[in-house]
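Residue-level listing of the chains:
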Amino acid sequence: MKIAILALQGAFEEHRQMLLKLGVESFFVRNAADWERPKDGLIIPGGESTTILKLLNDLSLYDAVRNEILAGLPVFGTCAGLIMLDSKHLNTMNIQVKRNAYGRQLGSFYHEGKFDGIDRNIPMTFIRAPYIESVGNRVEILSVVDGNIVAARQDNQVVTAFHPELNEDTAVHEYFLKMI
Amino acid sequence: MEKRENLNRNLAQMLKGGVIMDVTTPEQAKIAEAAGACAVMALEKIPADIRAAGGVARMSDPKMIKSIQQAVTIPVMAKCRIGHFAEAQILEAIEIDYIDESEVLSPADDVYHIDKRNFKVPFVCGAKDLGEALRRINEGATMIRTKGEPGTGDIIQAVRHMRKMQSEIRRIASLDTNELYEAAKQLQVPFDLVLYVHDNGKLPVVNFAAGGVATPADAALMMQLGAEGVFVGSGIFKSGNPEKRAQAIVKAVTNYDKPEILAELSEDLGGAMVGINEEEIKLLMAERGK
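Computed from a prediction, not measured in an experiment: that's the story for all the values here.

1. Overview of the interface of chain B and chain A
Here is step 1: At the junction of the two partners, chain B supplies 36 residues and chain A supplies 33 residues.
Here is step 2: At the boundary of chain B with chain A, total buried surface from both sides reaches about 2,800 Å², with 56% on carbon and sulfur atoms.
Here is step 3: Three residues, Leu7(B), Met14(B) and Thr254(B), lead the burial of chain B against chain A; their summed loss comes to 22% of the area buried on that side.
Here is step 4: At the junction of chain B with chain A, the criterion picks out four salt bridges.
Here is step 5: Asp97(B) is paired through a salt bridge with Arg128(A); the nearest N and O atoms lie 2.9 Å apart.
Here is step 6: Inspection of the region where chain B meets chain A yields 24 residue pairs in polar contact (both at pLDDT 80 or more).

2. Section: the sheet that holds strand β6 (residues 143–146) of chain B
All names here are of chain B.
Here is step 1: With respect to topology, eight strands assemble into an open sheet ordered β7-β6-β5-β4-β3-β2-β1-β8, the strand pairing being parallel. With partners counted over all chains shown, the strands left at the sheet margins are β7 (206–208) and β8 (230–232), one partner each. Averaged over all pairs of adjacent strands, the angle between their axes in this sheet comes to 30°, without regard to strand direction.
Here is step 2: Strand direction decides the pairing type here: strand β1 (residues 19–23) and strand β2 (residues 39–42), joined by four bridges, are parallel. Paired with Ile20 across the bridge in β2 is Ala39.

3. Quick notes on empty space enclosed by the protein
Here is step 1: Summed over the entire model, instances satisfying the criterion amount to four cavities of 30 Å³ or more.
Here is step 2: Considered as a void within the structure, the largest cavity measures approximately 200 Å³ in volume.
Here is step 3: Surrounding the largest cavity, 23 residues form its lining, Asp22(B), Pro47(B), Pro150(B), Gly211(B) and Gly233(B) being those nearest its centre.
Here is step 4: A per-class count over the lining of the largest cavity returns nine nonpolar, eight polar and six charged.
Here is step 5: Reported here for the second largest cavity is a volume of approximately 120 Å³.
Here is step 6: Together, 14 residues line the second largest cavity, and Gly47(A), Glu48(A), Cys79(A), Asn100(A) and Arg128(A) are the ones closest to its centre.
Here is step 7: Of all the elements in the fold, those that place two or more residues in the lining of the second largest cavity are α5 (80–85) of chain A together with α1 (3–15) of chain B.
Here is step 8: Taken together, the residues of the lining of the second largest cavity sort by class into six nonpolar, five polar and three charged.

Rules and cut-offs
- Residues numbered from 1 in each chain as written.
- Chains lettered and ligands numbered in written order.
- Predicted model: local features only at pLDDT ≥ 70, side-chain atom pairs only at ≥ 80, totals over all residues.
- Heavy atoms only, no water.
- Contact = heavy atoms within 4.5 Å.
- Buried area = accessible area lost by both parts, 1.4 Å probe.
- Salt bridge = Lys/Arg side-chain N within 4 Å of Asp/Glu carboxyl O.
- Polar contact = N/O pair within 3.5 Å; in protein donor to acceptor, adjacent residues only side chain to side chain.
- Pairing = 2+ DSSP bridges.
- Helix = DSSP H or I, 4+ residues; strand = E, 2+ residues; numbered from the N terminus.
- Axes fitted to C-alpha atoms, helices over the stretch in contact; angles between N-to-C directions.
- 1 Å grid on protein atoms, 1.4 Å probe; cavity = no way out; pocket = protein on both sides within 12 Å on 5 of 7 lines; lining within 4 Å.
- Points joined across faces, edges and corners; volume = space filled by probe spheres on them.
- Nonpolar A, V, L, I, M, F, W, Y, C, P; charged D, E, K, R; others polar.

Pasting the structure below:
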C-alpha cells in the first residue's frame, strides 16, 4: 500500500511519521509530476487552506486531484484538508464548513472525545480549527464536540477538524487505512 | 509539557512549508494572502525603512494591526521589542496569533528577554546559532527563525546562521550521551533541551529562515539548508512587482528542490530590491539579544 501526502504547505511530515509508525509507505506530492505516481489513497494535511488552494491551482493539480477523488480514491483531510474537500474548494464532499470557527490562536484547544468506529476516546488537537456547519446527502457524522461537527465521512472521504497527526494515537489513521 | 505550549508549537507546525510576509497596510496584507502567504507580519515600517529612518523602532500601533487582522483570514503576527513584556501584553490583548520578539526593533532590555512562559499567545524569536535558539526555547519561544540581517536583501547572514545551527545540531547528535552535560554547559542551556537535539537531530520547535530573502532562489537555498519555511520582509514590497514576486517565492518554498520549476518561476519578476551589502551597513541587528 502506498499513500500520497499532499505536501504543498503545512504539516505533511507529521502524517508521514504516523504512516511510518503503522508500517505504511508514503510519498509527497508537490507538483503534477509527483501526482502521476501510483497511489492507494491521499492525505490532505493541515496548513493554511488559502495557500494550499492557491498552490493546487498554480501547480496544475486541482482538476487531477478532484477527478481522482470523485472516481473513488480514498482521501483523508485534516483541518485545512477538511476545508479543501468542502463545497467551496475541491467540492467533492457535501459539507459546509466554517473556517477559523473557534477564533484566533487563543481559541486553539485540546480535547479527548468520541469518534464513531473507534471504541475509546481519542486525543483531538484543534489549531485555529474549522468545524462543519451542515452536511448534505450521504454524509455520516463521526464526531461532535460541544455541539459542533468535527469529523465526518462520505463514502471514500473522511475528514477531521482536529489534527490526529499531532498526537501519538494512530487510531484515526488506522480508520482511514481500513477504507482502502 | 503544558497544553498551551504544545498548542503554540503546533500552530508553527501548520505554517511549515510556507512563506510569512511583512505587510504594512490591509491592502498589502490582502495581496500577500492572495499570493499564498501562510501568515502575515503586521508592522508600520518594513525593516529596510526602519534601517533607513534610524531612531528608536517600537511596536506598531494596535489599530493598524487590528485593521490587518480584519483584512485577512490567515494568522497575523506582530513584533515587540526584545525584553519589552508590556508591548507583548498589549499584543496578547488584541489576540495576535504570534508575537515576534524581534531584533528588528530597538531592544528594550539588554540583559533579559521576555519570560514567554507567562503568556498564552505564542512567540517566535530569532537566533544566530544553536545556543541562542535553545535559550529562547527555554524562555518559552515555540518557534525559531534565523536572524539573518533584516532589511538588507542580502542572504549571507541568514545562510551563515542556518549553516551554523545545522552544523551544531549535527555535532550534538554525534556526541556520546555522557558528553551532553558539557555541551549543555558550553551552550548555556538546560540539559533536557540538549538531550532532545541529540536524540532527534533537530530543534524541538519549528525553525524558519529570515533576514535577507529577496528572490525565489534565496528561499530555495534556505529550504535546502534545512529551513522549514521562510519569512520575507522587505524583499517583496521593496521590489518592482510585489504580487508576482510573492507568488513566485511561495511556489519556490514548495518546490525548493526542483530546479526546472524554480527556473520557470524566477523568470520576468521585475527588479528585486536593491539591497545593501553587509560590509556597507553600520547597524548589525543580528547582534541584538543573545
